[in-house]
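# Descriptive analysis of the structure
Given next are the chains, with one letter for each unit.
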Amino acid sequence: MATKERVILVTNDDGITAPGIRALIEAVKPLGKVVVVAPDSPQSGKGHAITIGTPLRLNQVDIFEGIEAWQCSGTPVDCVKLARDKILHGKPDICVSGINHGANHSINVIYSGTMSAAMEAAIEGIPSVGFSFLEYSYDADFTLPKKVAYQVTKRMLESDLPPGTLFNVNIPIASEHEFKGLKISRQADAKWVEEFDERRDPHGKKYYWLTGEFKNRDTGEDTDVWALDNNYASIVPVQFDLTNYSLKKKLEEDWKDL
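Throughout what follows, the structure given in this document is the object of discussion. (Residues numbered from 1 in each chain as written. Predicted model: local features only at pLDDT ≥ 70, side-chain atom pairs only at ≥ 80, totals over all residues. Heavy atoms only, no water.)

## Focus on the overall build of the chain
Counting secondary structure elements, the chain contains 7 helices and 11 strands. Relative to the globule expectation of 18 Å for 258 residues, the C-alpha radius of gyration of the chain, 19 Å, shows essentially globular dimensions. Evaluated residue by residue, the chain yields a buried proportion of 45% over its 258 residues. Put simply, of all contacts in the chain between residues at least 6 apart along the chain, 76% involve residues at least 24 apart. Put simply, the chain shows about 14,500 Å² of open surface, and 50% of that area lies on carbon and sulfur atoms. Side-chain charges in the chain split into 29 positive and 37 negative, and the spacing between the mean points of these groups amounts to 3 Å. (Helix = DSSP H or I, 4+ residues; strand = E, 2+ residues; numbered from the N terminus. Rg over C-alpha atoms; globule rule 2.2 N^0.38 Å. Buried < 20%, exposed > 50% of the residue type's maximum accessible area, 1.4 Å probe, protein only. Contact = heavy atoms within 4.5 Å. Areas by Shrake-Rupley, 256 points an atom, 1.4 Å probe, with all protein chains shown as cover. Lys, Arg positive; Asp, Glu negative; His and termini not counted. Charge placed at Lys NZ, Arg CZ, Asp CG, Glu CD.)

Written out as structure tokens, the structure is:
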């Protein structure tokens, strides 16, 4: 009996014309049937936003040779929801998101549209992964990220992963000689210390640009930030259950009288 071809859903948050999604398609297409559903414009920083008050548009496009591709007017999460319900009419074998231009390590996972798309698929029980490359340039060389994406996706397809499996993979800027491989990591205790740069427009009215500085307060050598600083690609297993179980246990003891 012939083996059923794996279905790979590809999405992102940088938009369907971003170089990163083309690189991801090229990386994973040897592994199965690729179907692309991605935003029609950049959606970075959207987190897990969904479209409620306006209609969504979904149009098929012919921009990746031999690949079924659709562009969506909504958010990355909208793309995954529509892909499952209207394009695939069911679950793909895996959802891969990216390759994002810029890091999604540490606290960035909360804000990332790349990771939220993958997380939405994981919520539906689909093994999922978000890929991000520390290079922000539009003309970035995706040779290394493509190799990492292929390796991780292949291993995921070959593994018996539990429902809801979600990985956050970040890839350093490194030459093939400098790259040290993949490292299973935890999310670093690091964040952006933010402020708003106040300016005035030609009419004298105030407007603001979000600025800030990235601060790593975590000295551990098992974090995603440490891995990237040392030329490893980090793999962080992510969960979407936000319950603080240690605090829950403490409250059950300390607040018995409630």
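On we go.
## Brief notes about the packing of helix H2 (residues 76–87) against helix H4 (residues 113–123)
With their axes 8 Å apart at the nearest point, H2 and H4 run at an angle of 30° to one another. Considered as vectors, H2 and H4 are oriented roughly parallel to each other. Considering only the axes of H2 and H4, their crossing is right-handed. In this structure, H2 contributes Pro 76, Val 77, Val 80 and Lys 81 to the contact, and H4 contributes Gly 113, Ser 116, Ala 117, Glu 120 and Ala 121. (Axes fitted to C-alpha atoms, helices over the stretch in contact; angles between N-to-C directions. Parallel < 35°, antiparallel > 145°, perpendicular 65-115°, else oblique. Left-handed = near helix turned anticlockwise from the far one by under 90°.)

## Some details on the nonpolar core
Ranked by size, the top nonpolar core spans 38 residues in total, and within it Ile 8, Val 10, Val 36, Val 96, Phe 131 and Val 169 carry the most contacts. At the level of secondary structure, the elements contributing two or more residues to this core comprise strand E1 (7–11), helix H1 (19–28), strand E2 (33–39), strand E5 (94–101), strand E6 (128–133), helix H5 (143–158), strand E7 (166–171) and strand E11 (233–237). (Core = buried A, V, L, I, M, F, W, Y, C linked by side-chain atoms within 4.5 Å.)

## Description of the packing of aromatic side chains
Here a ring pair, both rings aromatic, is described through the centre-centre distance and the interplanar angle of the planes. Under the criterion given, the structure shown has 3 aromatic pairs. Between Phe 133 and Phe 142, the aromatic rings sit 5.6 Å apart at their centres with planes inclined by 55°, giving tilted as the arrangement. We classify Phe 142 as buried; its relative accessible area is 7%. The lysine or arginine in question, Lys 183, covers the ring of Tyr 232, its NZ or CZ lying 4.7 Å from the ring centre. (Phe/Tyr/Trp six-rings, centres within 6.5 Å; stacked < 30°, edge-to-face > 60°. Lys NZ or Arg CZ within 6 Å of the ring centre and 35° of its normal.)

## Side note on the environment of Ser 185
With respect to the element layout, Ser 185 can be found in the loop between strand E8 (182–184) and strand E9 (190–200). A relative accessible area of 7% means that Ser 185 is categorised as buried. Sequence separation between Ser 185 and Ala 227 is 42 residues, and the spatial gap between their C-alpha atoms is 7.5 Å. Look past the residues within four positions of Ser 185 in its chain and what remains in contact with it is Asp 222, Thr 223, Asp 224, Ala 227, Ser 234, Ile 235, Val 236 and Pro 237. One polar contact links the side chain of Ser 185 to the main-chain carbonyl oxygen of Lys 183, over a distance of 3.0 Å. (Polar contact = N/O pair within 3.5 Å; in protein donor to acceptor, adjacent residues only side chain to side chain.)

Nothing here speaks to function; it is geometry throughout.
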